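# Examining the three-dimensional arrangement
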Amino acid sequence: GGVITYAHVQEPPCIFGGWIQQAYISRQVLDGLVTQAEDGSVKPWLATEWEVSEDGLTYTFTLKEGVKFTDGTPLDAEAVAFNFEQFERTDLNGTAKVSIDPYYKKARAIDPTHVEITLDKPYPQFLTLITQGYFGIQSPTALKTRTKEENCEQPIGSGAFTVEEWKKGEEVIFKKNPDYTSWPSTAKHEGPAYVDELHWKFVADGVSRYASLTTGQTDVIYEVPTVNWKDAEQRFDNTIRYITPGKPVSFYINTRQGIFTDKLVRQAFAHGADRKGAVETGFHGVIPFEGNPSVSQSTPDYDKSVADAYPFDQAKAGELLDEAGWSARNADGVRTKGGRTLSAKLVYGAGFIFTTEGATVLQALQEQWKEVGFDVELVPATQAELWGGKYSDPSTYDATPSYWTSPSPAILWIVWRPSTEANPNFNNRSFYDNPELSKVIQAANTEQDPAKASELYRQAQRIISDEAAGIGLYAQNTTMAVANNLKDVWVEKSQGEPIFSDAYFVE
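In short, a report on the structure. Note that this is a predicted model, so its numbers are computed, not measured.

### Comments concerning the pattern of salt bridges
The final tally for this structure, using the stated rule, is 20 salt bridges. Here E88 makes a salt bridge to K97, at a shortest N to O gap of 3.7 Å. Judged by its relative accessible area of 10%, E88 is buried. K97 gets classed as partly exposed once you look at its relative accessible area, which sits at 27%. Residue K148 is joined to D91 by a salt bridge in which the shortest nitrogen-to-oxygen separation is 3.1 Å. With a gap of 57 residues between them, K148 in helix α6 (residues 148-153) and D91 in the loop between α2 (77-89) and α3 (94-100) connect regions that are remote in the sequence.

### Brief notes about the packing of aromatic side chains
Applying the stated criterion across every chain yields a total of 30 aromatic pairs. Here the aromatic cluster, defined as three or more aromatic residues joined through ring pairs, consists of W50, Y59, F61, F84, F87, F126 and F135. Looking at K247, its charged tip hangs above the ring of Y252, at a distance of 4.2 Å from the centre.

### Remarks on the nonpolar core
Formed by 151 residues in total, the largest nonpolar core has its most connected members in L33, F61, F84, F126, W200, F374 and L473. Grouped together as the second largest cluster of nonpolar side chains are 11 residues, A7, Y210, A232 and A481 included.

### Structural notes on the sheet that holds strand β7 (residues 114-119)
Taken together, the 4 strands give an open sheet; going across it, the order is β4-β5-β7-β6, and neighbouring strands pair in antiparallel fashion. Only two strands of the sheet have a single neighbouring strand rather than two, namely β4 (47-52) and β6 (104-111). Taken pair by pair, the neighbouring strands of this sheet meet at an average axis angle of 20 degrees, ignoring direction. Of the strand pairs in this sheet, β6 and β7 are connected by 6 bridges, and their pairing is antiparallel. Bridged to A107 within β7 is I117. Across the sheet, α2 is in contact with β5 (58-63), β6 and β7; its angle to β6 comes to roughly 170 degrees.

### A word on helix α9 (residues 263-271)
Residue pairs three or four apart in sequence face the same way in an α-helix, which turns once every 3.6 residues. The element α9 is extensively covered by neighbouring structure, given that 8 of its 9 residues are classed as buried. All of the buried residues in α9 are L264, V265, R266, Q267, A268, F269, A270 and H271. Near the N-terminus of α9, the side chain that reaches the backbone nitrogen of L264, with its oxygen 2.9 Å away, is that of D262.

### Observations regarding the side chain of S139
Its location among the elements puts S139 in the loop between α4 (126-129) and α5 (140-145). The contacts of S139, once residues within four sequence positions are left out, are F69, D71, T73 and I156.

### Some words on the environment of T396
Structurally, T396 can be placed in the loop between α14 (383-387) and β19 (399-405). Given a relative accessible area of 17%, T396 falls into the buried group. Here the alpha-carbon distance between T396 and W45, two residues 351 residues apart in the chain, equals 44 Å. Among residues more than four places away in sequence, those in contact with T396 are K345, V347, K390 and Y391. Within the structure, the side chain of T396 is placed 2.6 Å from the backbone oxygen of D393, a separation counted as a polar contact.

### Quick word on the side chain of T113
Of note, T113 is situated in the loop between β6 and β7. In terms of polar contacts, T113 uses its side chain to reach the side chain of H114, at 3.2 Å. In contact with T113, not counting residues within four places along its chain, are F61, T62, L63, E65 and A77.

### Considerations on helix α16 (residues 435-446)
Compared with the 16 Å implied by 1.5 Å per residue over 12 residues, the 17 Å span of α16 between its first and last C-alpha is a close match. Considered for burial, the residues of α16 that qualify are L437, S438, V440, I441, A444 and N445. Down the axis, α16 shows its buried residues gathered within 165 degrees of arc, on one side only. For α16, the exposed residues set more than 90 degrees away from the buried face come down to P435 and K439.

The rules behind these values
Residues numbered from 1 in each chain as written. Predicted model: local features only at pLDDT ≥ 70, side-chain atom pairs only at ≥ 80, totals over all residues. Heavy atoms only, no water. Salt bridge = Lys/Arg side-chain N within 4 Å of Asp/Glu carboxyl O. Buried < 20%, exposed > 50% of the residue type's maximum accessible area, 1.4 Å probe, protein only. Helix = DSSP H or I, 4+ residues; strand = E, 2+ residues; numbered from the N terminus. Phe/Tyr/Trp six-rings, centres within 6.5 Å; stacked < 30°, edge-to-face > 60°. Lys NZ or Arg CZ within 6 Å of the ring centre and 35° of its normal. Core = buried A, V, L, I, M, F, W, Y, C linked by side-chain atoms within 4.5 Å. Pairing = 2+ DSSP bridges. Axes fitted to C-alpha atoms, helices over the stretch in contact; angles between N-to-C directions. Contact = heavy atoms within 4.5 Å. Polar contact = N/O pair within 3.5 Å; in protein donor to acceptor, adjacent residues only side chain to side chain. Expected span 1.5 Å × (residues − 1). Arc of directions from axis to C-beta.

Written out as structure tokens, the structure is:
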């Protein structure tokens, strides 16, 4: 029994969707076909077992019998097939869609407990990718009969909790699902949740969030301020630090317009500031520096050599800029060439990608870039501005740091797929179109020999690094601290979603 009070940071626009913050919250309500164990293997959830055809094109899942959505309708093969068709054919969840594009072909129910998903090409990463919270299964009846807003605010799943109420700007109140029968094989217990309610509060300020835990106002907090991390480790028995796989927080570099169309200038930018030192200082040694801009150190097939490719070397940066023709300086010390200044507009998500600590890191880098002759303007952007289209055009920024979580190196295809007029890729925010890179990633995605696929994924990382199409900064993290009287709070392996369905209070 009891009520868990949890303090999160960002409030999403919808309870489910394609942002990691939505996957965190929807995981409390929606169950997936499969889950990921600590060793990275794919384990049963709604699917008890599965078979993959020899050609790698057909996945046949056997479903648990008798599972129902909380609206009383059956979670059967028809429901699963409907959801996968919605992922691919509609805007239900953009991240689910791009995670299986262009490999997904169709889904169909064979009988109530067997669903068949067919691909156009072999895609060995498919099972790993569908462990993500974006692939939570919703009631087709709810999706068909309710408004988009109703489903957004109170999605109907089969999970351990239901959405009782969303108090906008304050909290989401979840109620225990007493009829829960579909826990994942990675769960710490079998049966419905122990607690009666989960209050998911939104507390943007880090100082207030940590104080709420130390004073007993909350039982769990997300994103412990790094300045408080050592104190949290001493005070609380359960502190969680999880390095999120996928694309780390790294700079997309505009390769289509502006100063960074020249590879030498991009390389100079990478060498010109002590990114590692700024990260270690700004985050008090808690969040690790990540020099690989393509995938983080917790992602399978990570190439460590890429992380070390551009060490801090201002003399080298100066040589590269001289070679590129930016040898003169104006009265402010900014390098010039043909009447132009070496100016860069760096747009970043303020308060939802970058905390106050993260903004301090950018300010430190700004000063160091100035020393080698870059004039970097830091432009804070709101979530609506950054994702609403204001900064989608190559004329609107020169660099923008962001991340994208994924348990698979196939994230490379999502982020770096070439963008064409016929098939634009709005996730390729470096506007980097390299046919060779595209071929390598596609070959990796369809390669059924794991060793060969691994080398191809590493090759792709090296191409991106050699071209300085992206520049690494730090690994995206989940950090949490849990009150000592609350046990068995854990995070899901594939994305770091907090799990409360096993948690219970002790005296």
